[in-house]
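Breakdown of the fold
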Amino acid sequence: MSLMIYDFEKPIAELEEKLSELQSLSEKTPETLAEIANLREKLLETKKNIYGNLTAWQRVQLARHIARPRSLDYINAIFTDWTELHGDRKFADDPAVVCGLAHFENIPVAVVGQQKGKDTRENLRRNFGMMHPEGYRKALRIMKLADKFSFPIIVFIDTPGAYPGIGAEERGQAEAIAYNIKEMFTLQVPIIVVIIGEGASGGALGVGLGDVVLMMENAWYCVISPEGCASILWRDRAMAPQSAEALKLTANDLLELKVIDEIIPEPLGGAHRDPEVAFQNVYKALSSHLQRLMQKSVDQLINERFKKYRQIGVFITRQDNSKNFSDKSALSAAAKKDEQSRG
Amino acid sequence: MVWFRKKKYTVLEAPQKKDRIPDGLWHKCENCLNILYKKDFEANFKVCPKCNYHQRLTCWERIDLLIDKGTFVEDNVDIYPADPLGFVDSKPYSQRLEEAQKKTELADAVVTGSGTINGYRVEIAVMDFRFIGGSMGSVVGEKVTRSFEHALEHNLPVIAVCTSGGARMQEGILSLMQMAKTSIAVARLNEARIPYITVLTHPTTAGVMASFASLGDVVIAEPNALIGFAGPRVIQQTINQILPKGFQLSEFVCEHGFIDIVVHRKELKKTLSTLLSFFTKTSPV
Ligand SMILES: [Zn+2]
């Protein structure tokens, strides 16, 4: 298997190459065997060292790896009887998102997955996972179907953003996303969202409101892509590594900010290095959360969904402000000034 | 942290009137560059009589335009922005906030409150583009949500006057989540059958357009306002072709079915009160 590797993975690739060279020798002396053992150890150590200390930008790169498992890979591995349903019944079928019904441990579920390609050809067909309004409307149609028949909903997020194009604007990209967010809040079935790769902005949130939001270890989720942010705030796309750091977009950051509920671990080096392990981990997380959520009453579900989103945000209230006034007379002077400005 | 010591706007009437006294007699239209007699321009609600360009209004000018004199009571005055990510680009976010607060004398990019429109009591949220491009971070999200909740509690129709370049990048994922928070607040208005009218002004794009701005029971726009999801520059770069004439302007968006009415500024108050007369059972005070 020759995986595309990033610059920061080069030390690993070099060791791997040496190791496989030695291993391919037909006659191995005791010295060679010792060297193999030694290299193996060194390789593991190097991997742990590199993958254990990934920068935000390196994780963004892993999240974008062309061999990274896509929504359909997870769907095929985790569900049975996957039956894809096409089209929004209004305009078209958007291949950038797959929707359908399946069984999860014999429970019927509705599945929505933003779908990137595995190669350039598929990426062109799937528009790199960038949805059009009809994609958001298709997803909502399937989610409403789930609501009608009380199927839990599982969403896989993997998009560089909603598509910015003429047709998308003409057909109301903003309205489609806004309406989806609002309507997803009212669905009377459990919604579990898993961010498996890229979660860019409204494009992700447009199908991303959930009772539980899970995130793969090397996925990213943010209001804007690091490149987009860099080109606006730094006026230079090359500053993306810096903006990735500043935006706090990794799974660890988001857990700390209480925007996600749990991080799903990936095999060392990313999901693409051992997809089976990634599928297993996602399966386990889905299973436990689904069981828990299905025991909740509809009222409880919606109530908790409301609370989850209602509390997100960081701001200062006046009470907190008053702590900034060390001396009371300053405070009362300010209050007096207030009175005057009102009068 | 100078801005914390700013006066709080518990105002009964829109302040800063003195700012609007012309310092010269003439005004140059930002769009057609015609020189206008300032008095005429202002009598025409800051709309250019030559080219119909609707110049941006501050939130106070907007409140003055729409809300009956002396009836506006600002709420949610105790909420100020923080810098949750410790964000620094070419300058620290905290410094950007401070500068914006100094420039606008606002806590953040939205003012909320209640008042009457031709006698109809409403809750109103008005955005101000001067404050970091009207971007939505935690404060805008929280104030808009509280404003909608206040309306819910007091059974008041809601007007949201929008102008925004989108979500506030410097608050990262937290600003994205304000789209969820405000859209959920709209869902709750819907559920309680509280009328919700949005007024889109130049420009209303990205995160704000992809949340509460799009979701009005009635969506009104001022003429020639830029309205959309992605900015025209981003679209142009992506597709690498010339954008159609009038692309993403109010009339274009209306033609494509996402705006109910495009209304000239001088008709805006009247249109709102007519709409309110359909939705509210109580007669005007
Ligand atoms: Zn003009």
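Residues numbered from 1 in each chain as written. Chains lettered and ligands numbered in written order. Predicted model: local features only at pLDDT ≥ 70, side-chain atom pairs only at ≥ 80, totals over all residues. Heavy atoms only, no water.

**Side note on the overall build of chain A**
Rules: Helical segments are the DSSP runs of H or I of at least four residues, strand segments are the runs of E of at least two, and each set is numbered from the N terminus. Classification of residues uses two cut-offs on accessible area relative to the type maximum, computed with a 1.4 Å probe and protein chains only: under 20% is buried, over 50% is exposed, and between them is partly exposed. Here, residues are in contact when the closest pair of their heavy atoms is within 4.5 Å. For every accessible area listed, the method is Shrake-Rupley and the probe measures 1.4 Å; residues are considered covered only by the protein chains on display.
On a plain count of helices and strands, chain A comes out with 16 helices and 9 strands. Overall, the C-alpha framework of chain A stretches about 95 × 55 × 45 Å when taken along its three principal axes. Residues counted as buried form 55% of the 343 residues belonging to chain A. A separation of at least 24 residues holds for 72% of the contacts in chain A among residues at least 6 apart in sequence. In the structure as shown, chain A presents an accessible area of about 15,500 Å², 51% of it carried by carbon and sulfur atoms.

**Observations concerning the overall build of chain B**
To be explicit about the condition: Only the C-alpha atoms count toward the radius of gyration. The rule for a globule is 2.2 Å times the residue count to the power 0.38. In this count, Lys and Arg are taken as positive residues and Asp and Glu as negative ones, while His and the chain termini are left out. Here the site of a charge means NZ on Lys, CZ on Arg, CG on Asp, or CD on Glu.
Tallying secondary structure elements over chain B gives 9 helices and 11 strands in all. Here the C-alpha atoms of chain B give a radius of gyration of 18 Å, agreeing with the 19 Å that 2.2 N^0.38 yields for 285 residues. By its C-alpha atoms, chain B is 50 × 45 × 40 Å across when sized along the principal axes. Counting the 285 residues in chain B, one finds 61% classified as buried. Considering only contacts within chain B whose residues lie at least 6 apart along the sequence, 70% involve residues at least 24 apart. Accessible surface computed for chain B: about 11,300 Å², of which carbon and sulfur atoms make up 52%. A distance of 4 Å separates the average location of the 34 positive side-chain charges in chain B from that of its 31 negative side-chain charges.

**Examining the interface of chain A and chain B**
The test is simple: Computed with a 1.4 Å rolling probe, the buried area is the accessible surface lost when two parts are put together, summed over both parts. Salt bridges are defined as contacts in which a side-chain nitrogen from Lys or Arg sits within 4 Å of a carboxyl oxygen from Asp or Glu. When residues are grouped by polarity, Ala, Val, Leu, Ile, Met, Phe, Trp, Tyr, Cys and Pro land in nonpolar, Asp, Glu, Lys and Arg in charged, and all others, Gly among them, in polar.
Each partner contributes residues to the interface: chain A has 55 residues there, and chain B has 64 residues. Summed over both partners, the interface of chain A with chain B buries about 5,200 Å², with 73% contributed by carbon and sulfur atoms. One can count 2 salt bridges joining chain A with chain B. As a salt-bridge pair, E149 of chain B and R310 of chain A come within 2.7 Å of each other at their nearest N and O atoms. Looking at the side of chain A that touches chain B element by element, the count peaks at 10 residues for helix α8 (residues 173-186) of chain A. Its residues assigned to classes, the side of chain A that touches chain B shows 32 nonpolar, 12 polar and 11 charged.

**Some words on the layout of surface pockets**
We count it as follows: Every definition here rests on a 1 Å grid over the protein atoms only: cavities are sets of points where a 1.4 Å probe fits but cannot get out, pockets are open sets enclosed by protein on both sides within 12 Å along at least five of seven lines, and lining residues have some atom within 4 Å of a point. Grid points are joined across faces, edges and corners, and a volume is the space filled by probe spheres set on the points.
The computed volume of the second largest pocket comes to approximately 360 Å³. Lining the second largest pocket are 18 residues, with N155, P157, F279, T280 and K281 of chain B positioned closest to its centre.

**A word on the packing of aromatic side chains**
The condition that has to hold: Stacked, tilted and edge-to-face are the three classes applied to pairs of Phe, Tyr and Trp rings, where Trp contributes its six-membered ring and a pair requires centres within 6.5 Å; stacked means planes under 30 degrees apart, edge-to-face means over 60, and tilted covers the rest. Note on criteria: charge over ring means Lys NZ or Arg CZ within 6 Å of the ring centre, with the direction from the centre no more than 35 degrees off the ring normal.
Summed over the entire model, instances satisfying the criterion amount to 13 aromatic pairs over all chains. Ring geometry for Y74 of chain A and F279 of chain A: centres 5.1 Å apart, planes at 80°, overall edge-to-face. One end of the pair, Y74 of chain A, is in helix α4 (residues 71-78); the other, F279 of chain A, is in helix α13 (residues 275-294), with 205 residues separating them in the sequence. When sorted by exposure, Y74 of chain A lands in the same class as F279 of chain A, which is buried. Positioned above the aromatic ring of Y309 of chain A is the side chain of K308 of chain A, whose terminal nitrogen or guanidinium carbon lies 6.0 Å from the ring centre. Note that R56 of chain B overlies the ring of F129 of chain B, its terminal NZ or CZ placed 3.9 Å from the centroid.

**As for the coordination of the zinc ion**
Residue and element names in this part refer to chain B. Condition: Only nitrogen, oxygen and sulfur atoms qualify as donors, provided they sit within 2.8 Å of the metal or within 3.2 Å for Na, K and Ca; with water excluded from the atoms, sites may seem incomplete. Here a site with four donors is tetrahedral if all angles are between 85 and 135 degrees, and a site with four or six donors is square planar or octahedral if opposite donors are over 155 degrees apart and the other angles are between 65 and 115; anything else gets the irregular label.
Taken together, the protein ligands of the zinc ion are C29 (SG), C32 (SG), C48 (SG) and C51 (SG), with distances of 2.2 to 2.3 Å. Taken together, the 4 donor atoms coordinating the zinc ion span angles of 106 to 112° at the metal, a pattern that classifies the geometry as tetrahedral. For the zinc ion, the single-chain donor residues occur in sequence as C-x2-C-x15-C-x2-C. Linking C29 in the loop between β1 (26-28) and β2 (35-37) with C48 in the loop between α1 (38-43) and α2 (59-66), this pair joins segments that are 19 residues apart in sequence. The burial state of C29 is the same as that of C48; both residues are buried.

**Observations regarding a nonpolar patch on the surface**
In plain terms, the rule: Each patch is assembled from residues with relative accessible area greater than 30% and no salt bridge, linking like charges that lie within 9 Å and nonpolar side chains (Val, Leu, Ile, Met, Phe, Trp, Tyr) that lie within 5 Å.
On the surface, L25, W26, I35 and Y37 of chain B cluster together into a nonpolar patch covering about 450 Å² of accessible area. In this structure Y37 of chain B comes out as partly exposed when scored by relative accessible area, which is 34%.

**Notes on the nonpolar core**
Going by this rule: To form a nonpolar core, buried Ala, Val, Leu, Ile, Met, Phe, Trp, Tyr and Cys residues must be joined to one another through side-chain atoms within 4.5 Å.
Counting residues in hydrophobic clusters, the biggest one holds 175 residues, and the most contacted among them are Y74, F79, F156, Y221 and L286 of chain A together with F148 and F212 of chain B. No other element matches the 11 residues that helix α5 (residues 172-191) of chain B contributes to this core. In contact with Y74 of chain A, other than residues within four places in its own chain, are P69, F79, F156, I196, M216, A271, A278, F279 and V282 of chain A. Counting 13 residues, the second largest nonpolar core, distinct from the first, contains Y6, I36, I50 and L62 of chain A.

**Comments concerning the domain arrangement of chain B**
All names here are of chain B. What counts is decided by this rule: The source of the domain bounds is an automatic or database domain assignment. Counted as a polar contact is a pair of N or O atoms within 3.5 Å, where, for protein atoms, one must be capable of donating a hydrogen and the other of accepting one, and residues adjacent in sequence contribute only when both atoms are in side chains.
For chain B, the assigned domains are domain 1 (22-55) and domain 2 (56-279). Across the boundary between the two partners, domain 1 contributes 7 residues, which contact 9 residues of domain 2. Among the residues of domain 1 in contact with domain 2, F45, H54 and Q55 are the three that bury the most area, contributing 64% of the side total. Inspection of the region where domain 1 meets domain 2 yields 1 salt bridge. The salt bridge involving E61 is made with K46; its shortest N-O contact spans 2.7 Å. At the junction of domain 1 and domain 2, the tally comes to 7 residue pairs in polar contact (both at pLDDT 80 or more). Each residue belonging to the side of domain 1 that touches domain 2 can be placed in one class, and the counts come to 2 nonpolar, 4 polar and 1 charged.

**Points about the confidence of the model for chain A**
Cut-off, in case you're wondering: Note: pLDDT gives the predictor's confidence per residue, expressed from 0 to 100.
Here chain A shows a mean pLDDT of 92. Residues at 70 or above account for 92%. Contacts for the low-pLDDT stretch residues 320-343 of chain A, under 50 throughout, to residues beyond four places or in other chains number 14 contacts.

**Quick look at the side chain of D253 of chain A**
Residues and elements named next belong to chain A. Along the chain, the position of D253 falls in helix α12 (residues 251-256). Buried charge D253 goes without a salt bridge, the closest partner of opposite sign being K248 at 5.7 Å. Of the polar contacts made by the side chain of D253, one reaches the side chain of T250; its length is 2.9 Å.

**Looking at the state of the cysteines**
As a reminder, the rule being used: In plain terms, two cysteine sulfur atoms within 2.5 Å form what is called a disulfide here.
Evaluation of the coordinates by the stated rule reveals 0 disulfides over all chains. There is no disulfide at C162 of chain B, and the cysteine sulfur nearest it, in C59 of chain B, is 13 Å away.

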